[in-house]
Amino acid sequence: MSSAILLGVNIDHCATLRQARYRHHERSCGQMVEPDPVLAAVMAEQAGADGITVHLREDRRHIQERDVLRLREQIQTRLNLEMAATPAMVEFALALRPETVCLVPEKREEITTEGGLDAADQMERLAELTDTLAEAGVAVSLFIDPDDRQIEAAARLRVPLIELHTGAFANAWHGPGRESEWERLLRGAETARRAGLTVNAGHGINYANIRDIRRIPHLHELNIGHSIISRALFTGIGAAVREMKQLLLET
Ligand code: PXP
């Protein structure tokens, strides 16, 4: 009856709220600067989160470097660092040593990550970065659309993990495209599994669409941010995490 899908809690939007008011403050100033994403991470772990995810964006619009360094010291589970596929970010990751790095596409103008990484069209450039991370013992994941070409590219890059982009499904959830987008994810998960990849998923997952998401086969871990942080405003982060964990257990 119970599935063992793990929950990675993405705390970026806790930092979004802090930055909305305190962008120019470097320190906590006697805990005046709030909300603290590191505290959110620790509380999420206490409520059952299996890992903590942050996206250190090039424009530093939410999570800051110092947040990531504090997380590395304070969390007890696993740190999943989402980042752009650039040599500068690889250097940062090599010094930080997160358990996993998830390579994501990044454009300055987007509100959040839109569309998966085009791994198939930049194999050579990515191979250099993924090999460097793998040699340092960092497990690499690629955030990709449920598309055969991208999944095959991930397998050829010999990364152990992929994160299937569930954004198109989440956007279609209220409309006629829900079933076809779900089937794309199902096929993507099957293809990835056959290729020997561990299948994670994320983006736009919430307390409603999780009932469909969790029926995708072979899921190892989901990375969920916005909906958990939003719910936490009303229930507290502990209850928000516990509710999502419970939904992951129900079949
Ligand atoms: N996974 C990846 C790779 C992402 O870029 C994001 C958004 O930052 C998420 C998961 C979480 O998405 P959401 O905040 O919509 O749950």
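Up top is the structure these notes are about.
To start, this report covers the structure provided alongside it. (Residues numbered from 1 in each chain as written. Predicted model: local features only at pLDDT ≥ 70, side-chain atom pairs only at ≥ 80, totals over all residues. Heavy atoms only, no water.)

### A word on the overall build of the chain
Each helix and strand counted, the chain has 11 helices and 8 strands in total. In terms of C-alpha radius of gyration, the chain reaches 17 Å, essentially the compact-globule figure of 18 Å for 251 residues. Viewed in the frame of its principal axes, the chain has a C-alpha envelope of about 50 × 40 × 35 Å. Restricting the contact set of the chain to residue pairs at least 6 apart, pairs at least 24 apart contribute 66%. Within the structure as shown, the chain displays about 12100 Å² of accessible surface, and the carbon and sulfur contribution to it stands at 50%. For the chain, the distance from the average position of its 29 positive side-chain charges to the average position of its 37 negative side-chain charges is 4 Å. (Helix = DSSP H or I, 4+ residues; strand = E, 2+ residues; numbered from the N terminus. Rg over C-alpha atoms; globule rule 2.2 N^0.38 Å. Contact = heavy atoms within 4.5 Å. Areas by Shrake-Rupley, 256 points an atom, 1.4 Å probe, with all protein chains shown as cover. Lys, Arg positive; Asp, Glu negative; His and termini not counted. Charge placed at Lys NZ, Arg CZ, Asp CG, Glu CD.)

### Comments concerning the side chain of E82
Of note, E82 is situated in strand β3 (residues 79-84). Here E82 sits buried without a salt bridge, and the closest side chain of opposite charge, R57, lies 7.7 Å off (N-O distance). When near neighbours in sequence (up to four residues on either side) are disregarded, E82 contacts N10, T53, V54, H55, L56, C102 and V104. (Buried < 20%, exposed > 50% of the residue type's maximum accessible area, 1.4 Å probe, protein only. Salt bridge = Lys/Arg side-chain N within 4 Å of Asp/Glu carboxyl O.)

### Focus on helix α1 (residues 12-22)
Among the residues making up α1, those that are buried are D12, C14, A15, R18, Q19 and Y22. Seen along its axis, α1 keeps its buried residues to an arc of 150°; they face one direction. The exposed residues of α1 that point more than 90 degrees off its buried face are A20 and R21. Check the buried side of α1 and you find it contacts β1 (6-10), α2 (37-46), β2 (51-55), α3 (65-74) and α10 (226-235). (Arc of directions from axis to C-beta.)

### Focus: the packing of α10 against helix α11 (residues 237-249)
The geometry of α10 relative to α11 is characterised by a closest axis approach of 7 Å and an angle of 130° between their N-to-C directions. Classified by the angle between their axes, α10 and α11 sit oblique to one another. Here α10 runs over α11; the crossing is right-handed. Every residue of α11 that contacts α10 at S227, I228, I229, R231, A232 and T235 is listed here: I237, A239, A240, V241, E243 and M244. A breakdown of the residues in the contact of α10 with α11 according to their chemical character gives 8 nonpolar, 2 polar and 2 charged. (Axes fitted to C-alpha atoms, helices over the stretch in contact; angles between N-to-C directions. Parallel < 35°, antiparallel > 145°, perpendicular 65-115°, else oblique. Left-handed = near helix turned anticlockwise from the far one by under 90°. Nonpolar A, V, L, I, M, F, W, Y, C, P; charged D, E, K, R; others polar.)

### What to know about the pairing of strand β4 (residues 100-104)
Burial within β4 is extensive, with 5 of its 5 residues counted as buried. Because side chains alternate across β4, one face comprises the buried residues T100, C102 and V104, and the other comprises V101 and L103, equally buried. Bridge count between β3 and β4: 5 bridges; the pairing is parallel. Residue pairing for β4: M83 is matched across the bridge by L103. After leaving β3, the chain enters helix α4 (residues 87-96) and then returns to the sheet as β4, a path that is right-handed. With 4 bridges joining them, β4 and strand β5 (residues 139-144) adopt parallel strand pairing. If you follow T100 over to β5, its bridge partner there is A139. (Pairing = 2+ DSSP bridges. Right-handed = clockwise from strand over helix to strand, strands pointing away.)

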